[in-house]
Amino acid sequence: MKKFIAIILAVFFIIPLVACNGKDEEKTEDNNSSSVSDSIDYDLSKLSTTMAYSQVVEMTNNSSKYLGKRVKITGTFIVEETPQRNYYSCLINDQTACCGVGFEFVLKDTSKSYPDDYPQSNGEITVEGIFNRYSEGENTYYELIDAVLL
Amino acid sequence: MASIFSTLSTYFAYPFVRYALIVGVLISLCSSLLGVTLVLKRFSFIGDGLSHVAFGGMAIASVFKLTNDMPLTLIVTVICAVLLLKGGQNAKIKGDAAIAMISVGALAIGYLLLNIFSPSGNLSGDVCSTLFGSTSILTLTRAEVYLCAILSVIVVAVFILLYNRIFAVTFDEDFASATGTNANLYNLIIAIIIAVIIVLAMNLVGSLLISALVIFPALSAMRLFKSFKSVTVCSAILSVICSLIGIIAAIILGTPVGSTIVAADIIAFALCYVLGVFLGGSGK
């Protein structure tokens, strides 16, 4: 009897994973079939910070699914100034405030310059752009190109 | 209310939310089953101790830049769990002293290694995330979900199949040995299962809060029921419900997942305590 119960429980636990696998494939196919458009594919600004943080991690872990998609994100504006160029980022902190994830962004309007045409550093911003991936040396970075500050 | 359901239906479309709910339910179920045994054997704080050992294992894995830290963490935690529990009632260094010794030692060595070798640029972030598990359960890969599910099924199956012997070893180890039960073997099995659960539970609530996941459901159930089986079943139900509520509340309200689950467990304990006093149950 106990072995029967154990087997039933094992089947019960595995079924949800199989079911979820199918739905993930459907969602992937739907996302991949849509090309770059003006409508927002992933609006992270409407999600709670926990959800937005998790979605950013998901996008960096499985970036191929999200390349070319239009993303809108709300977070903290971070500037890193280097001799070669400035890096502008929108960062989301997790709830313990010790970790942060986010994307760089490159404005569509290239005439804008820092600091006059950009928000105040460490202030809250909302930015929308096309999700992109690039490499510098051995490192891979994620950015929003053709971005617009809202 | 309608907006909450609308928000939930939107959130459930995200695969990582479904993964978190599935793994959260499985982990809370496993931890609650063994929680009753640990509380009765006066090993309530072993979850905390072993989680610190697991932190040390993760630190070693990070230093060696292992892609997947779970296997090494599991091995280290299992070894320490065996050292702590296999001795049973006749261990030379008993219960709390042994747990404290191994726990603080592993935590200190782990943090020392991370500081010296600095595998990532955000050391405090990595440590904090491991300790409190704010969004770890929401950032699982599919492979990690499958691994958690398989290990959880094994733990539940072992508990069900060996229920009578675990019961005997929990309540009277010497009597169990005298009647032919290999108490050392079952202490070893319990130790391995606990180690597996601790490593899995770190993804859900982080290292510092694992004890709550193990203790609170068992203590809540003991306020209402007397028999081992009733307490175990009630503990499992309470743990699963509190985990579900905690995860859903965390993603809606934007709070840390681990702390929210523990808050739900505390509220459940308070309710069970009041109910137990009111019903004149086993809360004395």
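Residues numbered from 1 in each chain as written. Chains lettered and ligands numbered in written order. Predicted model: local features only at pLDDT ≥ 70, side-chain atom pairs only at ≥ 80, totals over all residues. Heavy atoms only, no water.

Colleague: I tried to follow the packing of aromatic side chains on my own but got confused; where do I start?
Modeller: The relation between two aromatic rings is expressed through the spacing of the ring centres and the mutual angle of the planes. All names here are of chain A. Inspection of every chain in the model, using the stated rule, returns 18 aromatic pairs over all chains. Taking the centre distance of 6.1 Å and the plane angle of 10° together, the rings of Phe-77 and Tyr-118 count as stacked. Pair noted here: Phe-77 is in strand β2 (residues 70–81) and Tyr-118 is in the loop between β4 (100–107) and β5 (124–136), with a separation of 41 residues, a long-range link. Residues Phe-77 and Tyr-118 agree in their burial class; the two are buried. Between Tyr-88 and Phe-105, the ring centres sit 6.3 Å apart and the planes meet at 35°, which makes this aromatic pair tilted. Of this pair, Tyr-88 sits in strand β3 (residues 86–93) while Phe-105 sits in strand β4; the two residues are 17 residues apart in sequence, bridging distant segments of the chain. Accessibility classification places Tyr-88 together with Phe-105 in one group, the buried group. Connected via pairs of aromatic rings, a cluster forms that spans Phe-77, Tyr-88, Phe-105, Tyr-114 and Tyr-118. (Phe/Tyr/Trp six-rings, centres within 6.5 Å; stacked < 30°, edge-to-face > 60°. Helix = DSSP H or I, 4+ residues; strand = E, 2+ residues; numbered from the N terminus. Buried < 20%, exposed > 50% of the residue type's maximum accessible area, 1.4 Å probe, protein only.)

Colleague: Which parts of the structure should I look at to understand the confidence of the model for chain B?
Modeller: The predicted coordinates should not be examined in detail at positions where pLDDT is low. Here chain B averages 83 in pLDDT, while 90% of its residues score no lower than 70. Among the prediction metrics, the complex's ipTM stands at 0.76, with pTM recorded as 0.80. (pLDDT = per-residue confidence, 0-100.)

Colleague: Sorry if this is basic, but what is going on with the pairing of strand β6 (residues 139–149) of chain A here?
Modeller: For a regular strand, side chains alternate in direction, first toward one face of the sheet and then toward the other. Residue and element names in this part refer to chain A. Here β4 runs beside β6; their pairing, made up of 3 bridges, is parallel. From the neighbouring strand, Leu-107 faces β6, where its bridge partner is Ala-147. Sheet topology places β5 next to β6; 9 bridges connect them, and they run antiparallel. By the bridge assignment for β6, Phe-131 is matched with Leu-144. Here β5 hands over to β6 after 2 residues, with Gly-137 in that stretch at a positive phi of 70°. (Pairing = 2+ DSSP bridges.)

Colleague: Honestly, the side chain of Ser103(B) in this entry has me stumped. Any pointers?
Modeller: Residues and elements named next belong to chain B. Following the sequence through the fold, Ser-103 ends up in helix α5 (residues 95–117). Given the relative accessible area of 5%, Ser-103 is considered buried. Within the structure, Ser-103 has its side chain in polar contact with the side chain of His-52 (distance 2.6 Å). In this structure Ser-103 touches Asp-48, Gly-49 and His-52, once residues within four positions along its chain are discounted. (Polar contact = N/O pair within 3.5 Å; in protein donor to acceptor, adjacent residues only side chain to side chain. Contact = heavy atoms within 4.5 Å.)

Colleague: So what exactly am I meant to see when it comes to the pattern of salt bridges here?
Modeller: Close approach of charged atoms lets side chains of opposite charge pair. Residues and elements named next belong to chain A. The final tally for this structure, using the stated rule, is 3 salt bridges over all chains. Here Lys-65 and Glu-58 are joined by a salt bridge, their closest N and O atoms 3.5 Å apart. On the accessibility criterion, Lys-65 (23% relative accessible area) is partly exposed. Relative accessible area serves as the criterion here: at 12%, Glu-58 is assigned to the buried category. With a shortest N-O distance of 3.3 Å, Arg-70 and Glu-128 are connected by a salt bridge. Note that Arg-70 is positioned in strand β2 and Glu-128 in strand β5, a separation of 58 residues in sequence. For Arg-70, a relative accessible area of 12% corresponds to the buried category. Residue classification places Glu-128 among the buried residues on the basis of a relative accessible area of 14%. (Salt bridge = Lys/Arg side-chain N within 4 Å of Asp/Glu carboxyl O.)

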